[in-house]
Amino acid sequence: MDEITNFRGEVVPDERLTPREGDVDAFVAAVGERVRKARERKGIARRVLSELSGVSQRYLAQLESGGGNISIALLYKVANALDHRVEWLVGEEDPWNSEAARVADFYRQATTEQRQRVMQILDPGRPAQLRRQRICLIGLRGAGKSTLGRLLGKEMSVPFIELNRDIEEQSGMPVSELMALYGQEGYRRLERQAVERVVATSDAVVLAVAGGIVSEPETYGFLLRNFHTIWLKASPEEHMNRVRGQGDERPMAGNPKAMEELKSILTSREVLYAKAESIVNTSGKSVEDSLQDLMTTIRDLGIV
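Residues numbered from 1 in each chain as written. Predicted model: local features only at pLDDT ≥ 70, side-chain atom pairs only at ≥ 80, totals over all residues. Heavy atoms only, no water.

Enquirer: Give me unusual backbone geometry: which residues, what numbers.
Expert: The backbone of Asp83 shows a phi angle near 60 degrees, a positive value even though the residue is not glycine. Mapped onto the secondary structure, Asp83 falls in the loop between helix H4 (72-81) and helix H5 (86-90). Looking at Asp83, the relative accessible area reads 13%, which means it is buried. (Helix = DSSP H or I, 4+ residues; strand = E, 2+ residues; numbered from the N terminus. Buried < 20%, exposed > 50% of the residue type's maximum accessible area, 1.4 Å probe, protein only.)

Enquirer: Can you lay out the packing of helix H12 (residues 175-201) against helix H13 (residues 217-226) for me, pointing to particular residues and giving the numbers?
Expert: Between H12 and H13, whose axes approach to 10 Å, the crossing angle comes to 15 degrees. Taken together, H12 and H13 sit at an angle that is classed as roughly parallel. Seen from above, H12 lies across H13 with left-handed handedness. Taken together, the residues of H13 that come into contact with H12 (itself represented by Arg192, Val195, Glu196 and Val199) are Glu218, Thr219, Phe222, Leu223 and Asn226. Partitioned by chemical class, the residues of the contact of H12 with H13 number 4 nonpolar, 2 polar and 3 charged. (Axes fitted to C-alpha atoms, helices over the stretch in contact; angles between N-to-C directions. Parallel < 35°, antiparallel > 145°, perpendicular 65-115°, else oblique. Left-handed = near helix turned anticlockwise from the far one by under 90°. Contact = heavy atoms within 4.5 Å. Nonpolar A, V, L, I, M, F, W, Y, C, P; charged D, E, K, R; others polar.)

Enquirer: Tell me about the sheet that holds strand E3 (residues 133-138), residues and numbers included.
Expert: One open sheet accounts for 5 strands, arranged E4-E5-E3-E6-E7; its pairing is parallel. Each end of this open sheet is capped by a strand with a single partner; those strands are strand E4 (160-162) and strand E7 (278-281). When the angles between neighbouring strand axes are averaged without regard to direction, this sheet yields 25 degrees. Of the pairings in the sheet, the one linking E4 to strand E5 (residues 204-208) comprises 3 bridges and is parallel in character. Following the sheet pairing, Glu162 is matched in E5 by Ala208. (Pairing = 2+ DSSP bridges.)

Enquirer: Outline the packing of helix H10 (residues 145-156) against helix H16 (residues 287-300), listing residues and values.
Expert: Their axes nearest at 10 Å, the elements H10 and H16 cross at an angle of 55 degrees. Between H10 and H16, the interaxial angle falls into the category oblique. Where H10 crosses over H16, the handedness of that crossing is right-handed. For the pair formed by H10 and H16, the contact residues are Thr147, Leu148, Leu151, Leu152, Glu155 and Met156 on the first element and Val287, Ser290, Leu291, Leu294, Met295 and Ile298 on the second.

Enquirer: So what's going on with the environment of Val214? Which residues, and what values?
Expert: Mapped onto the fold, Val214 is located in the loop between E5 and H13. Along the backbone, Val214 and Gly139 are 75 residues apart, and their C-alpha atoms lie at a distance of 8.9 Å. Excluding residues that lie within four positions of it along the chain, Val214 makes contacts with Trp96, Ile138, Tyr220, Arg269, Leu272 and Tyr273.

Enquirer: Would you mind going over H16 in detail, with residue names and values included?
Expert: Given 3.6 residues to a turn, an α-helix orients residues that are three or four positions apart in the same direction. Over its 14 residues, H16 runs 20 Å from end to end, which matches the ideal 20 Å to within 8%, given 1.5 Å per residue. Within the span of H16, buried status applies to Ser290, Leu291, Leu294, Met295, Thr297 and Ile298. Across the axial projection of H16, the buried residues extend over an arc of 160 degrees, all falling on one side. Away from its buried face by more than 90 degrees, H16 exposes Glu288 and Asp300. Against E3, H10, strand E6 (228-233) and E7 lie the buried residues of H16. (Expected span 1.5 Å × (residues − 1). Arc of directions from axis to C-beta.)

Enquirer: Before we move on, can you summarise the packing of aromatic side chains with the specific residues and values?
Expert: We describe a pair of aromatic rings using the distance from one ring centre to the other and the angle between the two ring planes. Counted under the stated rule, the structure contains 1 aromatic pair. Taking NZ or CZ as reference, Arg134 lies 5.9 Å from the ring centre of Phe227, over its face. (Phe/Tyr/Trp six-rings, centres within 6.5 Å; stacked < 30°, edge-to-face > 60°. Lys NZ or Arg CZ within 6 Å of the ring centre and 35° of its normal.)

Enquirer: I'd like a description of the side chain of Thr282, backed by residues and values.
Expert: Here Thr282 lies in the loop between E7 and H16. Beyond its immediate sequence surroundings of up to four residues, Thr282 is in contact with Ala143, Leu148, Leu232, Lys233, Ala234, Glu238, Arg242 and Ser290.

Enquirer: How would you summarise the pattern of salt bridges if you had to cite specific residues and measurements?
Expert: Close approach of charged atoms allows side chains with opposite charge to pair. Applying the stated criterion across every chain, the model contains 18 salt bridges. The partner of Arg36 in a salt bridge is Glu40, with the nearest N and O atoms 2.9 Å apart. Highlighted residues: Arg36 and Glu40, both in helix H1 (residues 21-42), separated by 4 residues, approximately one helical turn. Look at Arg36 and you get partly exposed, because its relative accessible area is 22%. Taking the relative accessible area as the measure of exposure, Glu40 reaches 19% and is therefore buried. For the salt bridge of Glu51 with Arg47, the shortest nitrogen-to-oxygen distance reads 3.4 Å. On the criterion of helical spacing, the pair formed by Glu51 and Arg47 is a turn pair, its members being 4 residues apart in helix H2 (residues 46-53). (Salt bridge = Lys/Arg side-chain N within 4 Å of Asp/Glu carboxyl O.)

Laid out in structure tokens, this is it:
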């Protein structure tokens, strides 16, 4: 406990500088909740996080439940394993839900000239100009991003880009090899660079991105500012059936809890997907009907 000297010259505890027990418990619980959400948004099991961070599953379980008073060193390892900055897990504001945290991060990375233009960039009248005719489709795998994105590009007579394929073309390697070579953190950097490249070279484009991109606060914030972002929403069952309909049995192969895990990922990301400018629900609809709904949404946004 910190100490001060009172008016009698006595050294006494300074209660103003000593957190109350309830505050400490709330802080530890909040950190655990952020770790759990970050892990779920990335769709990785606690066992995998344990292997990546070197922190035991038992310790991680205690941390996520709010009962683990984790050391800064171990928390730093957990943050690195999640590809997040440690301050994202302990800051007063949640980086995924705090506009102020995103703005502060952008400002720290900005050049002097960019900082001088911050107020212009944040001017409520400018987002439409920043986004131009750039459209980004987000959502879980199987939402229809590639199929509808390609058709939408033809309807609008603008290029269609699938971000993962663009990264593969630029690097000359498939995503699986990039992940093995650079790790998830390295791949996320390539992903951010690819998005920035699209913005720098295209004022009119339809972009489809991987479902997990919303778990990266910096990259997702950049997308929201520079694209008309549309969430293609579907039920977990439709997501799974569409993936399997494409001939990919990997989600279910040897994993009886695949559907349960899919629902967990979707639930944890819903609040992030909902930050999109618009939502198009593709559940129970044909490709043609979903495309018409998408075109109606785009017209309502004034993009065309």
